[in-house]
Every structure is written in structure tokens, then in C-alpha cells.
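Structural overview
As a plain string of letters, each chain reads:
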Amino acid sequence: MTARRLLAPSPGWTVETDVVVVGSGVAGLTAALQATRAGRVLLVTKVLVDAGSTRWAQGGVAAALGPDDSPAEHERDTLEAGVGLCDPAAVRVLCEEGPARLRELIARGAAFDRDPAGELALTREGGHHRNRIVHAGGDATGAEVSRALVAAVRAHPGIELIEHALVLDVLQTADGRAAGITLHVLGEGTQDGVGAIRARAVVLATGGMGQVYSSTTNPPVSTGDGVALALRAGAAVTDLEFVQFHPTALYLGAASTGQQPLISEAMRGEGAFLIDAAGTRVITAAEHPLADLAPRDVVAKAIHRRMLATGTDHVFLDARGLGEELLLQRFPTIVARCREAGIDPVVDLIPVAPAAHYASGGVRTDLDGCTSVPGLYACGEVACTGVHGANRLASNSLLEGLVFAHRIGRHLERDLPPAGEPVTTDIEPVLLDPAVRPELARAMTEGAGVLRSAESLAAAAKTLESLEGRVSTSPGPAAWQATDLHTVACVLVAAAIRREETRGAHWREDFPEASAAWRGHLVTTLTGTTFEALS
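Here goes a summary of the coordinates provided. Only a predicted model underlies this, so the values are computations on that prediction, with no experimental measurement involved.

So, how was this worked out
Residues numbered from 1 in each chain as written. Predicted model: local features only at pLDDT ≥ 70, side-chain atom pairs only at ≥ 80, totals over all residues. Heavy atoms only, no water. Helix = DSSP H or I, 4+ residues; strand = E, 2+ residues; numbered from the N terminus. Expected span 1.5 Å × (residues − 1). Buried < 20%, exposed > 50% of the residue type's maximum accessible area, 1.4 Å probe, protein only. Axes fitted to C-alpha atoms, helices over the stretch in contact; angles between N-to-C directions. Parallel < 35°, antiparallel > 145°, perpendicular 65-115°, else oblique. Left-handed = near helix turned anticlockwise from the far one by under 90°. Contact = heavy atoms within 4.5 Å. Nonpolar A, V, L, I, M, F, W, Y, C, P; charged D, E, K, R; others polar. Disulfide = S-S within 2.5 Å. Pairing = 2+ DSSP bridges.

Take helix H4 (residues 141-155) next. Taking 1.5 Å of rise per residue, the 15 residues of H4 would be expected to cover 21 Å, and the 22 Å separating its terminal C-alpha atoms lies within 8% of that figure. Looking at H4, one finds that the buried residues are Thr141, Gly142, Glu144, Val145, Ser146, Ala148, Leu149, Val150, Ala152 and Val153.

Following this line, the structure appears as C-alpha cells:
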């Protein structure tokens, strides 16, 4: 993996700004708003400003707001879910600063659900020992968070917005500092739409990489662009092997691929539980003290084991005991989507199966969002702040976006990098045929999915290697995204092969136990992968 840039036409237009933010989920929108204190901000997003993963988030935002809760207890639950690989300092920042960031979001106009007394309605999700999840519209929290932040961005005179923009690569100075980005914008610039944005700081908030798998809860825009371009720029990425599979995506049949409807674990927080076709509970308190509300990796593994034992490709969520009134009040989106599929949760069992959901790893950052490339920052799912470790705690993702995007803004206000002069490179570019995507996704699902082994991972690696030869000479969005997906898939598989243990979201059937020798991080750059042990 030596390519430093994508094959693309030379930029046909150039604009300048102080800070360019790439991505418009909770992290990107928050970063853009905060960065206005440092200077002019240009926010670019792949499709529409509200089309990212944030608006699909059902569960909510976790924060220690209840009278019986504390940041220390939230911190403890987060560390437990991360199975020994969280950065305690990052977790402390998340849990201590989270309540203030949530209140700021409410001040921006986000309307969360309230109880009869007018207080924020708090609920529980997997891995939490306290009711600390705030939600909006029952199960439409992400849509409300996105709505409020988009409105604030559109109203801010210091932010310029460019939609339908696919980021390609980072512009860099002769000494390697980030100096902007190249991008493709539909309908702007030259006929092919490739242009350049020169900036003193580049903030990546591009979201996840769920489309690397055949079945995912992620939207189509989640193609790993940020991780791939950061690698090409020389940045370090870490923990990419820890892909969280949400235990309960709505099962629509073996032929259903792409984005799958999510069945929020908040339903289990309200009392729903998992059973197999015979009506036997999938996970009990004897297997984990929290049973159906155990951390996601535990529940996903329990479901997968039951499917293997029974020879089926799904289990069921029994929410019938919640009653129609509660289901319609708390989960209107889920009920509507189930009914579209011919399933009525009021009277029917809901067929569910695990699906790729969240990348706990990503571009490595410090507590201020700085990557190993000067002038390049990352926040949200594209980043690895150290908060999630080997497995993300439910509803910590939106909170992480709020907290660490805010910290990037504060850092830029204090220390905006100087302007740099980008240099051109004659390094051989890379571009794959977009037709590789179905085969890539199939290989990743079969070889690097919920359950992995040396044999399955070797098969995935062999397929990925063979796909390297299917190059393209026709630059365009489909080819660029396929190339980015291939890049992140290669790093993910290489890390999964090296980590010979089971920990959190990484499950090796040939190494079924966690190993103290593997308590550490696999860190990858263009020069290779190293293991950094934790003391």
C-alpha cells in the first residue's frame, strides 16, 4: 500500500479559506460552527448536508445528567465496554465535558423528549448501568440533532457550504503539512468538476466505512474516504480491526444488501428481548449480568452463536410486551419501517440479525483532534480518539462527535496553523475499477465479518490482493469510492490477521480468548503496521 494519491484530473478551480471541514454529520457541523472563531470556514459534504449517518441514529446521546448518575459512572461503563483498550484520558474528557456539550446543543434548538415534569426523559441502552440516554421523537434522535445543527450552520455568516462534493486527497506542503484538499463537485469547475480548496487547517469528519460490507446500517455515503485519504497523506490509523456489528438490524432476507434498517437497542432498554425460533432466550443473566442489555459485542456474538447452532440466518426480537401505546410513542420510526416490511411489532416477532454498524478505530488523534500530519484534524467516526477501545458503548458516538469537534474548534481558535504552499507530486496514482465493489463487500462479509479466523481472513486478503489488478483509467466518483473502500479493507484485514485474540468487536474463532500480550494498538501508516503495547 504505497499509493499517495488517487488518479484524478488536475484541479480546474481553486478557492481559499482558513478552515475546510469535510463532512456534515454531528462532528462536521459542530466543528464548522466552532471553527468560525478561528476564521473563515468552508464546509463540504458528499451529497446533501443532512445525508450522513447522524440522521439515521435512533437511540440517542449518552450523558450523565440524572440525579443518580455521574461522569465517573459513565466513564466506568465506557471503559468496561472498551475491554481494556480505551484511552482513560479521552474517556474522562468525553464523560466530563459531555453534559455541557449536550446543553449547548439544546441551546442551539435541539428538542429532546421530556417527561411529564418537563425534565429530559432518560432511558438505558446496552452496557449502561444508569438511565442516561436522551432521545428525540422517540427513535429519531439523529434526525433532530442534524436538523438543529444544519439550521445553525445555514444561519451562520462565517460558514460557506458546498454540497455534492467528494473529497479526493489532502494538499500538502513540501514538509508534509496539510494545506487543503482536492475534491470533485458536481456542476462546478471544469467539466469533470475537480477543484482545490486551499486552507490552513483541514478537519476530517467523513464518517464511517460500513459500505465495505454487504450488509450495514450505514448510508451509501459511508465509503471510508476519510481514513483512505488520511493514509495517503501519511497519517496514522489505528484499531481498524474493531468494527462494531449492531446486534439487531431488521432482517429482510438473505438477498437484501446495502443499508439495512436499524432496530434500536433502546427497545431492549424498554423491555424487549431476543429469542430464537423455538422461543428460547438468546442471552440470559447467567451469560452476562445485563443479559439483553449487555454491550453490543457480547450480544452480537450471542446472536451469531445461536444462528450457527440452529442453522438459521436470523433470530427474533420480542417487543410485544411493550404494548402498542409505548411502541408508537417511543419507536414510531421503527414501527413504521417494520410495517412497511409486513411485520407489526405490536403482534409479531421482529426478525433481526447483526450488521456492520460502526468503526471504533480510525485516524489516530490526540485530545484536540490533531492527527500525525500537521494541519490535519479528525473527529467523529472517521477518528480514533481512544474513547471506544475495542467496542463502542451505545450512544457514545453522537456525544464523541460533539465533544471532540468542539475541542478542535477551541484548538484552532488558539493555534490556527500558518498558511502553506501546496506542492505537486509525480508519485504514481491509484484507481480501481468500480466493478470490484460487490466482490470486495462479499469477501469482507464472509472473511472479516462478525466471526473471523486465520483461514477466513486469508481468503479475504487473497481476494483483496487480486482486486488490486483491476485498475481503471477513467476517474469518477464510483472509481474513487471503490478505491477508498479497497484501501480501508486492506488495512482492516491486515490488522485482523495480526491480532490473534478475541477482544471486543474482534472475534477470532481460532483464538477465542483475550490475551494480555495483545493489550495494545495496531497502528498503520503507508510504511506498515506496528503494535504498541499498553502498560
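Here the narrative resumes, following the displayed structure.
So, about the packing of helix H12 (residues 454-467) against helix H13 (residues 477-498). Running from N to C, H12 and H13 point in directions that differ by 150°, and their axes come no closer than 10 Å. In terms of axis orientation, H12 runs roughly antiparallel to H13. For the crossing formed where H12 meets H13, the hand is left-handed. Together, Leu457, Ala460, Ala461, Leu464 and Leu467 of H12 and His486, Ala489, Cys490, Val493, Ala496 and Ile497 of H13 make up the contact between the two elements. Of the residues contributing to the contact of H12 with H13, the split by class is 10 nonpolar, one polar and no charged.

In total, this model carries zero disulfides according to the counting rule given. With no disulfide of its own, cysteine 86 lies 9.4 Å from the sulfur of cysteine 95, the closest cysteine sulfur. Overall, cysteine 86 belongs to the buried group, its relative accessible area being 9%. Accessibility expressed as a relative area gives 1% for cysteine 95, which makes it buried.

Its 22 residues place the ends of H13 32 Å apart at the C-alpha level, agreeing with the 32 Å of an ideal helix rising 1.5 Å per residue. Of all 22 residues in H13, 16 are buried; the element is thus mostly enclosed.

This part is about the sheet that holds strand E4 (residues 61-62). Reading across from one edge, E4-E6-E5 is the order of the three strands in this open sheet, with antiparallel pairing throughout. Looking at the sheet topology across the chains shown, the edges are occupied by E4 and strand E5 (122-123). Pairing between E5 and strand E6 (residues 133-134): two bridges, direction antiparallel. Across the sheet, leucine 122 pairs through a bridge with valine 134, a residue of E6.

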